[in-house]
Amino acid sequence: MRKTTPYRIAILYPTSVPWMARCLDGIRQFAKQHGDWHLFTTPPAIHGVGEGAVSLTSLKGWHGHGIILASNNTNELTRARRMKIPVINLAGGLESGHGVPRVMVDHHAAGRLAAEHLISRGLTNLAFFGWENLAYSEKRQHGFVERAAESGLECAVMLREADKEKDLSWTRRIAEPTRWLSSLPKPCGVFAVHDFRAQLLMEACQEIDLLIPEDIALVGMDNDDIICEHSIPTLTSISRSSVEVGYRTAALLDQLIQGIEPTEQEILVPPAKVYARQSTDMHYCSDELVAQAIAYMTNRLNRDFGISDVADAVNVSRRKLEMRFASALGSSPRSYLTKLRVQRAQALLELDPKRTIQSLVADCGFRSRQTFYESFKRVVGHPPERTKKGEFISPEDS
């Protein structure tokens, strides 16, 4: 039988990280559904206002049922392993969990997703910007390089040491990345290990007058709205599925509190998606005619037009246009146009999940609700979502 009083759960994280708030949302969702837990969330280390993070050591004497922790400190993890209550770690900086169960995003899959996005933009020059001696960075790098290799592409890599960089002045911190960006073949797609690193590269591009996305197409990770939406240009980023990570962390902790041994010590949650913004809003194609056709399509996605209209606009026959697309992109013009329309629909749904199919049909140039529904499912793999709770629009909705 489940306890009638709420479980007391401590959530410890030493620094303020952008994904933590979403992770807490997932923990709270589970808590509300399974016993209305009492969550003791400590402040991160915000020294400017006198706050300091609560550690495992400072919890000595605290009577609770479980702890959710974000730590890459091996001594702290040793202490966690010896505690008499269950502890789960969210951090991915260490190669192993040191005997403490972990739940985190699949960093390797995130790297693959970043490479897939840049390759889909037509880029053949790729690069990775990350950290030395941090496991999550290494895994993102490996996934990125692996996916590039599958397309016959090599990657330039630049790694920095976090401990050494933090004490450098801004000009010294940005100097080496600036030289590195200058040396890359252009155009180049760069995956920065997280959004803060991507922001640094944006500043480096400004230093040497490199254009984003014309010269450097840039992808970050964490989908931190403060950085991504307020950067100029706005930053494409990978969501790390933080709500799901939080939910599954709480589910695992609940299981451990009840004395049920987990089937696995490490749970990896697939990254949610690429949130495409201006920093990758371009298709790179060496075939000028195909590039002109793509520009024509992109600028008219809210209109109903066909491939014959595109061929007329670039002054070639439809057959020749199809041959040039196949040669340059390995795709037909129709498939490419459908993908562009669906991507526009995804962006509109993200802004307003309650949009009706009828409005999306009109705003994305589809000829019918059925065509929209079938196209979306074919391109994305599932029907469009009406709300963030996962309710799906059906073709009959208006």
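These figures come from a predicted structure and were not determined experimentally.

Visitor: Any chance you could break down the packing of aromatic side chains for me, citing the residues and the numbers?
Guide: Tallying each qualifying case throughout the model produces twelve aromatic pairs. On the basis of an interplanar angle of 80° and a centroid distance of 5.4 Å, the ring pair of F30 and Y247 is categorised as edge-to-face. With F30 in helix α1 (residues 20–33) and Y247 in helix α9 (residues 242–257), this residue pair connects regions lying 217 residues apart in the sequence. Its relative accessible area of 26% is what places Y247 among the partly exposed residues. What links up through ring pairs into an aromatic cluster is the set Y7, F30, W37 and Y247. Taking the ring centre of Y275 as reference, the NZ or CZ of K273 above it sits at 4.6 Å. Positioned over the ring face of F305 is R341, at 4.7 Å from the centre of the ring.

Visitor: An account of the nonpolar core is requested, with residue identities and associated values reported.
Guide: Nonpolar side chains in soluble globular proteins tend to be buried together. By size, the foremost hydrophobic cluster in this structure holds 25 residues, and its most contacted members are W37 and L90. Among the secondary structure elements, those contributing two or more residues to this core are β1 (8–12), α1, α9 and β11 (266–269). Excluding residues that lie within four positions of it along the chain, L90 makes contacts with W19, M20, C23, I68, L69, A70, V103, M104, V245 and T249.

Visitor: Requested: an account of unusual backbone geometry, with residues and values cited.
Guide: Between I212 and P213 the backbone carries a cis peptide bond, its omega angle lying at 10°. Relative to the helices and strands, P213 is located in the loop between α7 (195–207) and β9 (216–221). The linkage connecting I232 with the following residue, P233, adopts the cis geometry, with an omega of 0°. With respect to the helices, strands and loops of the structure, P233 is situated in the loop between α8 (225–228) and β10 (236–238). Residue H98 is not a glycine yet carries a positive backbone phi of 55°. Mapped onto the elements of the fold, H98 is located in the loop between β4 (87–89) and β5 (102–105).

Visitor: Which residues make up the state of the cysteines, and what values go with them?
Guide: Under the definition given, this model contains zero disulfides. Counting only cysteine sulfurs, C188 is the nearest neighbor of C155, a cysteine outside any disulfide, at a range of 8.4 Å.

Visitor: Explain the packing of α1 against α9 to me, and be specific about the residues and the numbers.
Guide: Between α1 and α9, the least distance of the axes is 6 Å, while the angle of their chain directions is 45°. Considered as vectors, α1 and α9 are oriented oblique to each other. The element α1 and its partner α9 pack so that their crossing is right-handed. Residues R22, C23, D25, G26, I27, Q29, F30 and Q33 of α1 touch α9, and the partners they reach there are S242, V243, V245, G246, Y247, A250, A251 and D254. In terms of residue class, the contact of α1 with α9 is made up of eight nonpolar, five polar and three charged.

Visitor: Go over the pairing of β9, please, and point to the residues and values.
Guide: Across the six residues that make up β9, a large majority, six, are buried. Taking every second residue as pointing to the same face, both faces of β9 are buried, with I216, L218 and G220 on one and A217, V219 and M221 on the other. Crossover connection from strand β8 (residues 188–192) via α7 to parallel β9: handedness right-handed. Strand direction decides the pairing type here: β9 and β10, joined by three bridges, are parallel. Opposite G220, over in β10, you have S237 as the bridge partner.

Rules behind the numbers
Residues numbered from 1 in each chain as written. Predicted model: local features only at pLDDT ≥ 70, side-chain atom pairs only at ≥ 80, totals over all residues. Heavy atoms only, no water. Phe/Tyr/Trp six-rings, centres within 6.5 Å; stacked < 30°, edge-to-face > 60°. Helix = DSSP H or I, 4+ residues; strand = E, 2+ residues; numbered from the N terminus. Buried < 20%, exposed > 50% of the residue type's maximum accessible area, 1.4 Å probe, protein only. Lys NZ or Arg CZ within 6 Å of the ring centre and 35° of its normal. Core = buried A, V, L, I, M, F, W, Y, C linked by side-chain atoms within 4.5 Å. Contact = heavy atoms within 4.5 Å. Disulfide = S-S within 2.5 Å. Axes fitted to C-alpha atoms, helices over the stretch in contact; angles between N-to-C directions. Parallel < 35°, antiparallel > 145°, perpendicular 65-115°, else oblique. Left-handed = near helix turned anticlockwise from the far one by under 90°. Nonpolar A, V, L, I, M, F, W, Y, C, P; charged D, E, K, R; others polar. Right-handed = clockwise from strand over helix to strand, strands pointing away. Pairing = 2+ DSSP bridges.

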